[in-house]
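This is what each chain is made of:
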Amino acid sequence: MKTFSPATSSVLMAAIFAISAASITGCSNEHDIKAVDRVEEAAAIARVQGLEARADQLKNDMPTATEVTAAGADSVAGAKPTIQMPDESTIPDDEYGAAVRRGLQIATHTYKELPDNVGNQLNCTSCHLANGAEAFAAPWNGMPGIYPIYRTRAGRINTIQERINGCFERSMNGKALDLGSDDMNAMVSYMAWLSKDLPYGVSPEGRGFVKVDKTLEPDTTNGEKLFAEKCSVCHGEKGEGQYNDDGTYVFPAVAGDKSFNDGAGMARTYTAAAFIKGKMPFGQGNSLSDQEAVDIAGYFTHLPRPVKANKDKDWPNGDAPKDVRR
Ligand code: HEC
Ligand code: HEC
């Protein structure tokens, strides 16, 4: 954060000095008028310079032109900022930096680092690809400035910590972290560091997933066939994943007891379709048609998987989307 320049405050000081000088000297009317003029002039300069400093400050806080791309012809008003993972050398060498590093470690090794809170064998970055900083893989860049927001699933305002816990209880089939715990603070710190070059409170380009046509109905028989052709080589015939000796995965489970539960966003046909359309098969994003993505998603999301308790309490206002699991 830049502060106002000393030049501005010295102009202000001059203006204050001129006011006091005018009242002390008790000159004739003619001189008084001149003194007042100078005061007004000084005040005007101060105002202009104050505005300039404020404009400079705003400019410095905005991403540079190269970081901003037009979000498309239909949103002329707001060019959305684009995202990337900042260089790791910019993580400061202090307590905050230590928390950022811990957050990154948790995000990429969640199953190993937090066994009490993870009930499957996934990491946050199984879905939030590339350290949670990949466009259209639900990136975390900018999130600490976007939350708290109202969420229809909860029917109330959620803080970023509560949103993170939503993924612990569903995507990780596990338990919420204590809201004020060091590990929760570390995750939020990591997300804050990812957001350091972004304007506050603006959704960046690539938030969430690519769009998919939600009016399409899944053909799960075709989905099963396509899964065998395009997915099982990595994720296994039944979506069970592939593992190293220490239990960490080579390729993550997309079904079965090592996968996300049926209350997770990824268990919803159209959410999963949007993720895989943009990102799967791994390295070949955007190669599936909307119908293929919906067919495959309708198939693998409904394979056996852990069951989330109390799903009936979700969407308390009766506005649940059609692909929500009950
Ligand atoms: C099985 C896949 C999966 C895993 C694993 C997962 N998430 Fe998520 N996450 C999602 C989906 C799906 C969404 C919703 C994206 C959307 O709304 O478009 C989401 C959304 C989020 C959001 C909100 C993003 C936004 O744009 O508002 C945050 C923050 C988040 N997850 C954090 C985490 C953290 C932290 C972990 C690890 C503890 C984690 N997630 C693990 C699938 C996953
Ligand atoms: C070349 C191997 C490969 C292929 C083929 C592939 N994936 Fe993936 N998939 C991955 C990798 C790698 C990840 C992310 C793991 C990470 O970065 O930690 C992933 C993540 C996922 C996830 C989120 C994590 C999870 O386990 O729930 C889903 C869902 C998924 N893939 C579905 C699919 C579907 C459906 C297909 C077929 C259209 C497919 N994948 C094809 C390698 C593959």
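Residues numbered from 1 in each chain as written. Chains lettered and ligands numbered in written order. Predicted model: local features only at pLDDT ≥ 70, side-chain atom pairs only at ≥ 80, totals over all residues.

### Looking at the site of ligand 2
- Around ligand 2 sit 24 residues in total, of which C231, C234, P252, P281 and F282 are the nearest.
- The set of elements that each furnish at least two residues to the shell around ligand 2 consists of α10 (232-235) and α12 (290-300).
- For the shell around ligand 2, the leading source of residues is α10, giving three residues.
- Counted by class, the shell around ligand 2 contains 18 nonpolar, five polar and one charged residues.
- Here the shell around ligand 2 spans two domains, and each of domain 2 (88-194) and domain 3 (220-313) adds at least three residues to it. (Near = placed C-beta within 6 Å. Helix = DSSP H or I, 4+ residues; strand = E, 2+ residues; numbered from the N terminus. Nonpolar A, V, L, I, M, F, W, Y, C, P; charged D, E, K, R; others polar. Domains from an automatic or database assignment.)

### Examining the environment of G155
- With respect to the helices and strands, G155 occurs in the loop between β1 (149-151) and β2 (156-158).
- Considering only alpha carbons, one finds G155 and W315, 160 residues apart in sequence, at a separation of 6.0 Å.
- Apart from residues no more than four positions distant in its own chain, G155 is found in contact with W315, P316 and N317. (Contact = placed C-beta atoms within 7 Å.)

### A short note on the confidence of the model for the protein chain
- When pLDDT is averaged across the protein chain, the result is 86; 77% of the residues are at 70 or more.
- Within the model, the stretch residues 1-32 combines pLDDT values under 50 with 32 contacts to residues more than four positions away or in other chains. (pLDDT = per-residue confidence, 0-100.)

### Things to note about the nonpolar core
- By size, the foremost hydrophobic cluster in this structure holds 57 residues, and its most contacted members are M187, Y190, A273 and I276.
- Elements represented by at least two residues in this core include exactly α3 (95-108), α7 (160-169), α8 (182-194), α11 (269-279) and α12.
- Here this core spans two domains, and each of domain 2 (88-194) and domain 3 (220-313) adds at least three residues to it.
- The residues touching A273, leaving out its near neighbours within four places in the chain, are V212, A293, V294 and A297. (Core = buried A, V, L, I, M, F, W, Y, C linked by C-beta atoms within 7 Å. Buried ≥ 20, exposed ≤ 12 C-beta atoms within 10 Å, placed from the backbone.)

### What to know about α11
- Of all 11 residues in α11, 11 are buried; the element is thus mostly enclosed.
- Within α11 the residues assigned to the buried category are T269, Y270, T271, A272, A273, A274, F275, I276, K277, G278 and K279.
- Of the surrounding elements, those touching the buried residues of α11 are α5 (129-132) and α12.

### Things to note about unusual backbone geometry
- Going from Y147 to P148, the amide bond is cis rather than trans, its omega being 0°.
- Locating P148 in the fold gives a position in the loop between α6 (143-146) and β1.
- Here the amide bond leading from M280 into P281 is cis, since omega sits at -10°, within 30 degrees of zero.
- The phi dihedral of F136 is positive, around 65°, even though this residue is not glycine.
- Checked against the element boundaries, F136 lands in the loop between α5 and α6.
- In the Ramachandran plot, N173 falls in the positive-phi region, its phi being about 45° despite a non-glycine side chain.
- For N173, a count of 24 C-beta atoms within 10 Å puts it in the buried group.

### Some words on the site of ligand 1
- Among the 24 residues in the neighbourhood of ligand 1, the closest are listed as C124, C127, C167, G208 and G265.
- Taken together, the residues that form the shell around ligand 1 break down as 15 nonpolar, seven polar and two charged.
- Viewed by domain, the shell around ligand 1 spans two of them, domain 2 (88-194) and domain 3 (220-313), each represented by three or more residues.

### Digging into the packing of α3 against α8
- In the contact formed by α3 and α8, the axes pass within 7 Å of each other and the chain directions differ by 100°. Overall, the two elements α3 and α8 adopt an arrangement that is roughly perpendicular. Judged by residue contacts, Y96, A99, V100, R102, G103, L104, I106 and A107 of α3 engage D183, N185, A186, M187, S189, Y190 and W193 from α8.
- Classifying every residue of the contact of α3 with α8 gives 10 nonpolar, three polar and two charged. (Axes fitted to C-alpha atoms, helices over the stretch in contact; angles between N-to-C directions. Parallel < 35°, antiparallel > 145°, perpendicular 65-115°, else oblique.)

### A word on the environment of A267
- Examined against the element boundaries, A267 turns out to sit in the loop between β4 (249-251) and α11.
- As a C-alpha pair, A267 and G298 span 31 residues in sequence and 9.0 Å in three-dimensional space.
- Ignoring sequence-local partners within four residues, the contact set of A267 consists of F260, N261, D262, T301, R305 and R325.

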